[in-house]
Each structure stands twice: as C-alpha cells, then as structure tokens.
Amino acid sequence: MDTEYYQNHLKILKEELIVALGCTEPIAIAYAAARARDLLGAMPERCVVRSSGNIIKNVMGVTVPNSGGMRGVAIAAILGIVGGEADRELEVLEAVTEQNRAEAKRLSESNFCTCELIQNVSNLYIVIEVWGGGHQALVEIQDTHKNITRMEKDGEKIPVQKRLEHSDSSEPKGDRSLLTLRNIVEFADAVSVEDVAPILEPQIQYNMAICEEGLKNPYGAEVGRVLLDGSHEPTVGLRARAYASAGSDARMGGCALPVVINSGSGNQGITVSVPVVIYAQEYHAEQEKLLRALVVSNLVAILQKRYIGSLSAYCGVVSAACGAACGICYLLDYPYDVLCSTITNTIGTVSGMVCDGAKSSCAAKISTALQTALLGIKMSLHERSFQPGEGLVNDDVETTIRNIGRMGREGMKGTDLEILNIMLGN
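Description of the structure in this document. (Residues numbered from 1 in each chain as written. Predicted model: local features only at pLDDT ≥ 70, side-chain atom pairs only at ≥ 80, totals over all residues. Heavy atoms only, no water.)

### Observations concerning the overall build of the protein chain
What the protein chain contains, in helices and strands, is 17 helices and eight strands. Relative to the globule expectation of 22 Å for 426 residues, the C-alpha radius of gyration of the protein chain, 21 Å, shows essentially globular dimensions. By residue count, 58% of the 426 residues in the protein chain fall in the buried class. Excluding contacts between residues fewer than 6 apart, the proportion of contacts in the protein chain whose partners are at least 24 apart in sequence is 76%. In the form shown here, the protein chain has an accessible surface area of approximately 17,200 Å², with 47% of it arising from carbon and sulfur atoms. Treating the 38 positive side-chain charges of the protein chain as one cloud and the 51 negative ones as another, the clouds have centres 4 Å apart. (Helix = DSSP H or I, 4+ residues; strand = E, 2+ residues; numbered from the N terminus. Rg over C-alpha atoms; globule rule 2.2 N^0.38 Å. Buried < 20%, exposed > 50% of the residue type's maximum accessible area, 1.4 Å probe, protein only. Contact = heavy atoms within 4.5 Å. Areas by Shrake-Rupley, 256 points an atom, 1.4 Å probe, with all protein chains shown as cover. Lys, Arg positive; Asp, Glu negative; His and termini not counted. Charge placed at Lys NZ, Arg CZ, Asp CG, Glu CD.)

Here it is as structure tokens:
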C-alpha cells in the first residue's frame, strides 16, 4: 500500500480512538472548566457556560460521570472545577471524590454557575468563563471534544500551544478525505499488527469491560439485559446487540469505567467495536484477524462521519453499526462486494434515526441499528441489495455514503433545531 495512505490511515486511528470517561459532551464541559480553573489560578467565585445547542442536547439527559447520579450542563462544569484534573483530558473526572460531589451539589443549588445557548457556531462549541480573586479566565473548545481553540486571562490571550504541553495540535491531522472503502480494506490487509495493536487492544479491553458491567448491573433502561432475558442460547447476533446496548446502558447511567471512543463518541466507540469482538469469539478468530477487522470497522465509521459531521440530528450509532457490520464481513472473509452491499442496505434503511441527546434510549437505538446492519449482511449474502435510484442509493457505494452524509449534515439541520427547541421547552 502507498506509504502516504498507510501513514494517514494510521494517524486517523490514533487521533480518533482515544480513552474517555463517560459521555463525551459533559466530559468536554468538565475538561474546559478544569482548564479554566487552572488558568485562573484559584477557586472561581462564579462560572458561566456558553455552548452550542448540540452540546446542551447531549448533556441534558445523561448522568455526568462520577457525579453520583447528577445531570446537566452546570453539574458537568462545576464538577470539573471542584474535582477535575485537566491533564487527564477526557478522563478529567476520574479522581472525583465524595467531598467533590457534595461541594458540586451545594454550588449547583446556588447562583455559582449559569448556562447560556450560543447560536451560529459550530455544532460542538463550548466556552467556560470563570471569575475569582479579582481575575477572569476563559477557555473555548470547538469541533472536537478536547480541541481548545482559545484561552484568555484578564482579557489577554494565552497561547494555547504553550499552555497545553501534552497537545499534539501542531502536528498535521490525518486527512479524512483520503479515506475510501477500497483503500480502508487495503490498509487493513497491509497494516502491521504491531502498528495497530497499541491502538485497538485498549478498545477491546475497555469497551468489553463496560459492556460486561452493563449486563451485570441495572443501569438505565437495561436494554442489554432485557435483550438476553429468557434466551438460554442467544445467537451471536443477539449477543452482539445485547453487549453493545449494555455498554451504553452503563455509560448513560453514569458508570465510571472508561471507553475508547470513535468519532468523538463513546456510544459509537462501543457500537463499532464490541459486535466485532463478539463475532470473533464465536468463530474463534485469531487476534490478528480481529485487529484487522477492527481497523475496517473503525475507519468505515469515520468515513461516514466525515460527511455527516461530529454532532447533528443524525444518530451516530447508525454509522457505527454500519462500520461494525463491515468489520464482521472482513472478519468472516466475505467478498468486497458484500461489504459494499452491506453499507447500502444498512444506511439505506435506518439512516433517518434522529439524535435527541445522550440518554438511556441510546442503548435501544444501538440495538436497532445493529439489528439492521446484521440484516444488511444477510441480505448481501443472498445477493439482495437496494438499487440505484431507490431513495438516496447510488450505483457507487462511495456516492451513497456521501448522499446519506449530506442528508444528515444539511437536510437535518431544521430537525436538529426543532429537537433542541422542544427539549428546551420553546
């Protein structure tokens, strides 16, 4: 494989598959708040959170990790301020104590933190501003969950790169426009296992662990546990759906276990990886084959999200489930045209599923998306696929992916706004 493509695709995996503790939107708020506190150099006396509608939508209904069951934008920011460790980035709340939780609850019941909606900004946009000891500090995040784009103290801009010693933002990012389904498969065939194992093995370990936790204990709506209830010998497909759903049950219910994310989302990280692992266990696949299959599943999901965008009204577990189905196809040595048809069958069916924020129903959406994706594989093996001209389907799978992405990014803007207005009671 061409060296440029090889290094590019490897870089994308390194950038995307990172560890996060809990739902990534409240974590991003907590991370920005912890950075703002550090920049201020003192415990703030007052805090304002300004964020895009999609951030508010994805924080309103989800339990903030390590919060003891508390929810909301203000709690995420306050917990980041009183107990967050900014150097841990997306694991910022890992060391929160009971004392921190009690202090956060006390502050949330006062006028310490106020929250405001900002319009006409990127879908992922957060500004935390704090005041204390006669000083002011501000931290801004845009586009990705730990991408700090502006820092100020007392109105004076602070160079972000100097401030964040662990940042790699000076390095050129992987070029998502170079991804195609064909070269993703070629990369999976050619990549050295030594190059991808350090990236993918934590994804297997962490994401399977939180799924097992979700099956053992009653988190959220218990979708994963309900799926397996009464099934003494569940099929591999049912187990794949149940495990992935249970991981989401745990995350949305505030479980403190970390996950390896995909496209900025823990739910997508679980959905894109765990079903592939379950199938590998069922078919006794070698570890190397599993790792190569996970390369396919992760990059196919990222390929779709390139067109959809990071946060929108389009439910991201659809693209993740589609990626998982492609990883399963690769794992089982199905021909390339089966992968193509699987994508068409999956996103041609369930791409209209909307995102109305992070909460317990995400687990059920994961189950539904995976059920459709597995049906997509079966249809493909029976040489059945949706045809060009049927809705958004094109005769070229890359064009079909672009069509669906355009629908999610542009066509569902009005849907996204209306969902937010309904959630805010407007």
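Here the narrative resumes.
### As for a nonpolar patch on the surface
A cluster of nonpolar side chains, namely Met60, Leu117 and Leu424, defines an oily patch on the protein surface of about 210 Å² accessible area. The residue leucine 117 is located in strand E3 (residues 113-117) in this model. (Patch = residues over 30% accessible without salt bridge, like charges linked within 9 Å, V, L, I, M, F, W, Y side chains within 5 Å. Salt bridge = Lys/Arg side-chain N within 4 Å of Asp/Glu carboxyl O.)

### Quick word on empty space enclosed by the protein
Empty space among the atoms can be located by rolling a probe the size of a water molecule over them. Under the criterion given, the structure shown has one cavity of 30 Å³ or more. By volume, the largest cavity is sized at about 310 Å³. Taken together, 27 residues make up the lining of the largest cavity; nearest its centre are Asn58, Ser265, Gln268, Gly316 and Cys355. Elements with a contribution of two residues or more to the lining of the largest cavity: helix H2 (24-40), helix H10 (236-252), helix H11 (266-282), helix H13 (316-331) and helix H15 (361-381). Looking at the lining of the largest cavity element by element, the count peaks at three residues for H11. By residue class, the composition of the lining of the largest cavity is nine nonpolar, 13 polar and five charged. (1 Å grid on protein atoms, 1.4 Å probe; cavity = no way out; pocket = protein on both sides within 12 Å on 5 of 7 lines; lining within 4 Å. Points joined across faces, edges and corners; volume = space filled by probe spheres on them. Nonpolar A, V, L, I, M, F, W, Y, C, P; charged D, E, K, R; others polar.)

### Topic: helix H16 (residues 397-411)
The terminal C-alpha atoms of H16 lie 20 Å apart, and with 15 residues this matches the ideal 21 Å at 1.5 Å per residue to within 8%. The set of residues buried in H16 consists of Val397, Glu398, Thr399, Thr400, Ile401, Ile404, Gly405 and Gly408. (Expected span 1.5 Å × (residues − 1).)

### Considering the state of the cysteines
Counted by the stated rule, this structure contains zero disulfides. In this structure cysteine 211 is not part of a disulfide, and its nearest cysteine sulfur, from cysteine 255, lies 10 Å away. Cysteine 326 carries a free sulfur, and the closest cysteine sulfur to it, the one in cysteine 322, is 4.8 Å from it. (Disulfide = S-S within 2.5 Å.)

### Considerations on the pairing of strand E6 (residues 148-153)
Where strand E5 (residues 135-142) meets E6, five bridges bridge the pair, whose relative direction is antiparallel. Opposite leucine 138, over in E6, you have glutamate 152 as the bridge partner. Taking the residues between adjacent antiparallel strands as the criterion, E5 and E6 are bridged by five residues, where aspartate 143 takes a positive phi near 70°. Pairing between E6 and strand E7 (residues 156-157): two bridges, direction antiparallel. Directly across from glutamate 152, in E7, lies its bridge partner lysine 157. Remark: two residues form the turn of the hairpin made by E6 and E7, two consecutive strands paired antiparallel; aspartate 154 in that turn has positive phi of roughly 55°. (Pairing = 2+ DSSP bridges.)

### Notes on the packing of aromatic side chains
One pass over the full model with this rule turns up two aromatic pairs. Both rings, one in tyrosine 279 and one in tyrosine 283, keep their centres 6.3 Å apart while their planes meet at 15°; by these two values the pair is stacked. We classify tyrosine 279 as buried; its relative accessible area is 9%. Judged by its relative accessible area of 47%, tyrosine 283 falls in the partly exposed class. Positioned over the ring face of tryptophan 131 is arginine 46, at 3.9 Å from the centre of the ring. Above the ring of tyrosine 336, the side-chain terminus of arginine 182 is found at 3.8 Å from the ring centroid. (Phe/Tyr/Trp six-rings, centres within 6.5 Å; stacked < 30°, edge-to-face > 60°. Lys NZ or Arg CZ within 6 Å of the ring centre and 35° of its normal.)

### What about helix H1 (residues 3-16)?
The end-to-end C-alpha distance of H1, which contains 14 residues, comes to 20 Å, matching closely the 20 Å that a straight helix rising 1.5 Å per residue would cover. Contacts made by the buried residues of H1 are with helix H7 (181-190), helix H8 (193-216) and helix H12 (287-308). In this structure aspartate 2 caps H1, since a side-chain oxygen of it lies 2.8 Å from the backbone nitrogen of glutamate 4. (Polar contact = N/O pair within 3.5 Å; in protein donor to acceptor, adjacent residues only side chain to side chain.)

### Concerning unusual backbone geometry
Unlike most non-glycine residues, asparagine 66 shows phi in positive territory, near 60°. Topologically, asparagine 66 is positioned in the loop between helix H3 (53-60) and helix H4 (73-83). Even without being glycine, glutamate 383 reaches a positive phi, approximately 55°. Along the polypeptide, glutamate 383 turns up in the loop between H15 and H16.

### Some details on the environment of leucine 311
Relative to the assigned elements, leucine 311 resides in the loop between H12 and H13. What makes leucine 311 buried here is its relative accessible area of 8%. Non-local contacts of leucine 311, meaning those with residues more than four positions away in its chain, are made with Glu25, Asn54, Ile55, Asn58, Asn123 and Leu124.

### Structural notes on the side chain of serine 341
When you line up the elements, serine 341 lands in helix H14 (residues 336-350). Ignoring sequence-local partners within four residues, the contact set of serine 341 consists of Ser380 and Ser385.

### Regarding the layout of surface pockets
For the second largest pocket, the calculated volume is near 220 Å³. Lining the second largest pocket we find 13 residues, and of these Tyr279, Leu374, Ile377, Lys378 and Leu381 sit closest to its centre. For the lining of the second largest pocket, the elements supplying multiple residues, two or more each, are H10 and H15. At six residues, H15 tops the list of elements feeding residues into the lining of the second largest pocket.

### Some details on the environment of isoleucine 401
Among the secondary structure elements, isoleucine 401 is positioned in helix H16. By relative accessible area, which is 2% here, isoleucine 401 ends up buried. A sequence separation of 370 residues divides isoleucine 401 from tyrosine 31, and the C-alpha atoms of the two residues are 33 Å apart. In contact with isoleucine 401, not counting residues within four places along its chain, are Leu303, Gln304, Tyr307, Ile343 and Ile347.

Shape is all these values report; function is a separate question.
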